[in-house]
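# Understanding the architecture of this molecule
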Amino acid sequence: MVESQTQPPPSPAPRSRTASIIPGVEGPAVLVTGICGRLGKRLARVLHRERAVVGVDRRPFIDKPKDIHHLQVDLRRKKLKDVFRANDIRAVVHLGVMHDPRASSAEHHSWNVAGFGKLLEYVAQFRVPKLVVLSSANVYGPQPSNPQFLSEESPLLGGQNFSDIRDLVEVDMLAQSFFWKLPETETVILRPVHILGTVHNAPSNFLRLDPVLTVMGYDPMAQVVNEADVVHAIELALRPGVRGIFNIAGPEPVPLSRLIKILGRKRLSVPYSLASVVLRRMWALRLTNFPVPELDHIRFVCMVDDRRARDVLGFTPRVPLEATVLSVDEGRW
Amino acid sequence: MGEPFRERLSRVPLALGTSGVDPFGLDPQWAKYVLMSIGMMHRKYFRTEVHGIERVPTGRVLLIGNHSGQIPIDGTLVAAAMFMDAEPPRIVRAMVEKWAVGLPFVSLLFTRVGQVVGVPENATRLLAQGEALLVFPEGVRGIAKTIDQRYQLTDFGLGFMRLAIETGTPIVPVAVVGGEEQYISVANVDGLAKLLHLPAFPIIPQLFVPGGQFPLPTKYRIWFGEPMHFSGDPDDDDSVMEEKVWLVKQTIQSMLNRGLKERKHIFW
């Protein structure tokens, strides 16, 4: 746990633009972390039409729309506080979770957990009324004993066999602790299933393989969701009055083999024992970016029950299955 | 089996998506091969006599039966009867042990023919979907009985009753006669079972005779009873549940006793 999380929230700091070296935007704004990722950019393009957007990311924002205010800031730096001080932040959308499997575990942990801790500290200090955290259905983890549809109350066992997931579970837990630590802030945690689209995440990259690797004797049911639908879910979560944890699923679940069939790709079916040995070797030689525990995602189910999102959030996926799957090829490069 | 078989399959009420698979992974294109083979066993090998299948309600239902026969042929024959003899034909769902779902091919086959992992959330969801769920509350205790204990029900688990009350599902008691004699077990070596991490280690002499590995072609008789309805608090004390479960157990036991009395011969 981050130390700052255990302290009571201090009284709101005065917003003084003159004291800050960071220029602010006029009027109420939404702060988006990780805005330079493909999902972040997509979200920014939707949000900036209706409200002022302040983006925070270490990376530069290429092709930035003029009215988006982007700051190349590391979440762990004090400069982040200046961003809160200089702007009238009314909502924070946290997309800045690092998923890079090649980053060292210390860097991963420090970025994801300590960085998020800092962000929470400022949300509390500046009494930001809304916090939306993009977690993932991966926090439940693929297990043979999983119920077919996991509810939001299911235990987060993702880190059980896949240690790299642990800090994502921790981020989710930190956000959960915010429900009771700061009840006046409407906290929303979204746990989408595998996001497909132009994004460069593990499921999209996996489906871009040709042939697609599968594990012999397994063909689990899978849920996917298009990035545009995730952006839509975030928009819905930003509405006043919405709070809680929501599983986000896309179109109907289908077997993994069906996803590959839609793409028209060949399948390479390998026994698990061989696949794990070869993948471990390839990982060590930096020939692949898929760590061995990812194989569990193509062996066991990790599907969610999204009834709450449909009923409370009013979310229904708009992109049909075929278009969702085919969208991975749009972002190949 | 041909056309009538395909026609029956098309009439099974299933919650299929546009991809032709239900949310649990049941695929009729896979299930048809399995149903064909168990249909052959049902009609030709075990020549099952089915009584009272018209009593099974069309919507969600819990089929509660006696377990027997060392391997779960009783379950497959109840499933075959529900497909071949019920109107409309149904594909029965059953719960599978968690460890089996981790095995390659086995998990795939089970999923595609509509079997699901044995966790309460799945049972609740299947019943909400209007499915017929087959449960053997005796579990391993029932299936691994020795021949001297044949057709004597062992302890029933209480989970099915809590599930029935919670979901307002009728219970249909099912008595299966013929399973206890297919593999004659003379003893159970508990120590060895524990050592090998197996649920039971029965001693079955016929396995040492050439051809004895196949189950004996006993004639199966399956009786479906009148639906039973229970109400109350699903989270009540075990003692309250036990009384309700006892009613189901006694009904099955008396159906079994009557069935055994009417049976003239084990093999025909």
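Quick caveat, the model's predicted, so the values are computed rather than measured.

Attention now moves to the overall build of chain A. Along chain A, the regular secondary structure elements total eleven helices and 13 strands. Taking 20 Å as the expected radius of gyration for a compact globule of 333 residues, we find that chain A reaches 20 Å, a close match to that expectation. Along the longest, intermediate and shortest principal axes, the C-alpha atoms of chain A span 65 × 35 × 35 Å. Relative to its full complement of 333 residues, chain A shows a buried share of 47%. Looking at chain A alone, contacts between residues at least 24 apart form 77% of all its contacts between residues at least 6 apart.

Moving on, we get to the overall build of chain B. Helices and strands together make up the secondary structure of chain B, namely ten helices and nine strands. For 268 residues, the compact-globule estimate of 2.2 N^0.38 gives 18 Å, and chain B sits close to it at 18 Å. The dimensions of chain B, computed from C-alpha atoms along their principal axes, are 50 × 50 × 40 Å. Taken over 268 residues, chain B has a buried fraction of 40%.

Attention now moves to the confidence of the model for chain A. All names here are of chain A. Summing up the model confidence of chain A, the mean pLDDT is 88 and the portion of residues at 70 or higher is 92%. Segment residues 1-11: pLDDT under 50, and 14 contacts once partners within four positions in sequence are set aside and those in other chains are kept. Contacts from residues 16-20, a stretch scored under 50 in pLDDT, to residues over four places away or in other chains number seven contacts.

With that settled, the discussion passes to helix H5 (residues 166-181) of chain A. Taking 1.5 Å of rise per residue, the 16 residues of H5 of chain A would be expected to cover 22 Å, and the 22 Å separating its terminal C-alpha atoms lies within 8% of that figure. Every buried residue of H5 of chain A is accounted for by Asp167, Leu168, Val169, Glu170, Val171, Asp172, Leu174 and Ala175 of chain A.

So, on to the pairing of strand S3 (residues 93-96) of chain B. Residues and elements named next belong to chain B. The pairing of S3 with strand S5 (residues 132-135) spans two bridges and is classified as parallel. For arginine 93, the partnering residue across the bridge sits in S5 and is leucine 133. Where S3 meets strand S4 (residues 116-117), two bridges bridge the pair, whose relative direction is parallel. When the bridges of S4 are listed, methionine 95 appears paired with valine 116.

Take helix H2 (residues 38-47) of chain A next. Within H2 of chain A, burial applies to Leu39, Gly40, Lys41, Leu43, Ala44 and Leu47 of chain A. Of the surrounding elements, those touching the buried residues of H2 of chain A are strand S1 (28-33), strand S2 (52-57), strand S4 (88-94) and helix H7 (227-237) of chain A.

In this section: the packing of helix H2 (residues 28-45) of chain B against helix H3 (residues 73-84) of chain B. All names here are of chain B. Where H2 meets H3, the axes come as close as 9 Å, and the angle between the chain directions of the two elements is 100 degrees. One way to sum up the angle between H2 and H3 is to call them roughly perpendicular. Where H2 abuts H3, its residues Leu35, Ile38, Gly39, Met41 and His42 lie against Thr76, Leu77, Ala79, Ala80, Ala81, Phe83 and Met84. The class makeup of the residues in the contact of H2 with H3 is nine nonpolar, three polar and no charged.

What counts and what doesn't
- Residues numbered from 1 in each chain as written.
- Chains lettered and ligands numbered in written order.
- Predicted model: local features only at pLDDT ≥ 70, side-chain atom pairs only at ≥ 80, totals over all residues.
- Helix = DSSP H or I, 4+ residues; strand = E, 2+ residues; numbered from the N terminus.
- Rg over C-alpha atoms; globule rule 2.2 N^0.38 Å.
- Buried ≥ 20, exposed ≤ 12 C-beta atoms within 10 Å, placed from the backbone.
- Contact = placed C-beta atoms within 7 Å.
- pLDDT = per-residue confidence, 0-100.
- Expected span 1.5 Å × (residues − 1).
- Pairing = 2+ DSSP bridges.
- Axes fitted to C-alpha atoms, helices over the stretch in contact; angles between N-to-C directions.
- Parallel < 35°, antiparallel > 145°, perpendicular 65-115°, else oblique.
- Nonpolar A, V, L, I, M, F, W, Y, C, P; charged D, E, K, R; others polar.

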